[in-house]
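Listed below are the residues making up each chain.
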Amino acid sequence: MEKLTGLKKIKTAVFISGTGSNLKSIIKFSKLKKSPISINLIISNTRLAKGLKYADQFRIKKKIFNFINFKKAEKNISILLKKDKIKFICLAGFMKILSKNFIKNLDGRIINIHPSLLPKYKGLNTHSRAIKNNDKFTGCTVHYVIDALDSGQIILQKKIKISADDSSTSLAKKVLKQEHKLYPAAIMKIFN
Ligand code: GRF
């Protein structure tokens, strides 16, 4: 990743589909002097993503791409990334699975956050699955994005205790709080 670093911050896009609480934490982090990245673009697959409000709040360019035509959406995103000189991508609650080609073209420059201790519980409903299995711990993971879902090299993980009275909702809340710290820490780890 050395070749990305330098005096200027690395132009980064964040992809979202929902609430955008991780997006908010990444934006706040990016504004710190120590941050190696700047957030220059927010991409969503839906205009209903609540997190798009942070684009307005922090005056960051936003673009919505309709994924009904998946190929066309990815092609247009690639054109935009090139045009805006985006060198790094953070997926943060982005609910589309990017194609092999798209991932290959960005060659190790896409990372994602997942609400489990990967490789446990890839995919959806991680918290209810952990509770159902009587797990004592869960957590969150920041990892590189590769062709296989939630399977790329792990950058950082945080372990979180599951209490006897935890529901999937309370657990999601607990984990999300830690995600907001883990994502910036993982970005620091990559570039330092
Ligand atoms: C997070 O739990 C993240 O791990 C998962 O989707 C959720 C997104 O939450 N991939 P938010 O939109 O960042 O609030």
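Here, every reference points to the structure presented above.
Residues numbered from 1 in each chain as written. Predicted model: local features only at pLDDT ≥ 70, side-chain atom pairs only at ≥ 80, totals over all residues. Heavy atoms only, no water.

## So, a positive patch on the surface
At step 1: A cluster of basic side chains, namely Lys8, Lys11, Lys85 and Lys87, defines a positive patch on the protein surface.
At step 2: Here Lys8 falls in the exposed class, since its relative accessible area comes to 74%. (Patch = residues over 30% accessible without salt bridge, like charges linked within 9 Å, V, L, I, M, F, W, Y side chains within 5 Å. Areas by Shrake-Rupley, 256 points an atom, 1.4 Å probe, with all protein chains shown as cover. Salt bridge = Lys/Arg side-chain N within 4 Å of Asp/Glu carboxyl O. Lys, Arg positive; Asp, Glu negative; His and termini not counted. Charge placed at Lys NZ, Arg CZ, Asp CG, Glu CD. Buried < 20%, exposed > 50% of the residue type's maximum accessible area, 1.4 Å probe, protein only.)

## Notes on the site of the ligand
At step 1: Taken together, the neighbourhood of the ligand is formed by Thr19, Gly20, Ser21, Asn22, Gly93, Ile113, His114, Pro115, Leu176 and Glu179.
At step 2: Residue Ile113 places a main-chain N or O atom 3.1 Å away from a nitrogen atom belonging to the ligand.
At step 3: For the ligand, an oxygen atom lies 2.7 Å from a polar atom in the side chain of Glu179.
At step 4: Considered on its own, the ligand offers 370 Å² of accessible surface; in the complex 81% of this is hidden by protein.
At step 5: More than half of the atoms belonging to the ligand lie within 2 Å of the grid points that define the largest pocket.
At step 6: Residue assignment for the shell around the ligand shows that the elements contributing at least two residues are α1 (21–30), β5 (110–114) and α6 (168–191).
At step 7: Taken together, the residues of the shell around the ligand break down into 3 nonpolar, 6 polar and 1 charged.
At step 8: Per-domain counts for the shell around the ligand show at least three residues from each of domain 1 (8–107) and domain 2 (114–192). (Near = heavy atom within 4 Å. Polar contact = N/O pair within 3.5 Å; in protein donor to acceptor, adjacent residues only side chain to side chain. 1 Å grid on protein atoms, 1.4 Å probe; cavity = no way out; pocket = protein on both sides within 12 Å on 5 of 7 lines; lining within 4 Å. Sits in = over half its atoms within 2 Å of the grid points. Helix = DSSP H or I, 4+ residues; strand = E, 2+ residues; numbered from the N terminus. Nonpolar A, V, L, I, M, F, W, Y, C, P; charged D, E, K, R; others polar. Domains from an automatic or database assignment.)

## Re the layout of surface pockets
At step 1: Each pocket or cavity is described by its volume, and for the largest pocket that value is around 960 Å³.
At step 2: In this structure, the largest pocket is lined by 36 residues; those nearest its centre are Gly93, Met95, Ile113, Pro115 and Leu124.
At step 3: It is α6 that provides the largest number of residues to the lining of the largest pocket, a total of 4 residues.
At step 4: Each residue belonging to the lining of the largest pocket can be placed in one class, and the counts come to 16 nonpolar, 16 polar and 4 charged. (Points joined across faces, edges and corners; volume = space filled by probe spheres on them.)

## Here we look at the pattern of salt bridges
At step 1: Scanning all chains against the criterion turns up 6 salt bridges.
At step 2: A salt bridge links Asp84 to Lys83; the nearest nitrogen and oxygen atoms lie 3.9 Å apart.
At step 3: Asp147 serves as the salt-bridge partner of Lys100, at 3.9 Å between the closest nitrogen and oxygen. Placement of Lys100 in helix α4 (residues 100–106) and of Asp147 in the loop between β6 (137–144) and β7 (154–161) is noted, with a sequence separation of 47 residues between them.
At step 4: Asp147 sits in the partly exposed class, given a relative accessible area of 46%.
At step 5: Residues joined in a network through salt bridges with shared partners are Lys61, Lys83 and Asp84.

## Digging into helix α3 (residues 70–83)
At step 1: Across its 14 residues, α3 extends 20 Å between first and last C-alpha, which sits within 8% of the 20 Å expected from 1.5 Å per residue.
At step 2: Regarding α3, the residues found buried are Ala73, Glu74, Ile77, Leu80 and Leu81. With its buried residues spanning 125 degrees around the axis, α3 presents them on a single face. Residues of α3 that are exposed and angled more than 90 degrees away from the buried face: Lys71, Lys72, Lys75, Lys82 and Lys83. (Expected span 1.5 Å × (residues − 1). Arc of directions from axis to C-beta.)

## So, the sheet that holds strand β1 (residues 10–16)
At step 1: Read across the open sheet, the 7 strands follow the order β3-β2-β1-β4-β5-β6-β7; overall the sheet is mixed. Only two strands of the sheet have a single partner each, and these edge strands are β3 (61–64) and β7. Across the sheet, the mean angle separating the axes of adjacent strands is 20 degrees when strand polarity is ignored.
At step 2: Sheet analysis places strand β2 (residues 37–44) next to β3, joined by 4 bridges and oriented parallel. By the bridge assignment, Ser44 is partnered in β3 with Ile64.
At step 3: Contacts between α1 and the sheet are confined to β1, β2, β4 (88–91) and β5, with β2 contributing the most and set at about 155 degrees to the helix.
At step 4: Contacting β1, β2, β4, β5, β6 and β7, α6 runs over the sheet at an angle of about 155 degrees to β7. (Pairing = 2+ DSSP bridges. Axes fitted to C-alpha atoms, helices over the stretch in contact; angles between N-to-C directions. Contact = heavy atoms within 4.5 Å.)

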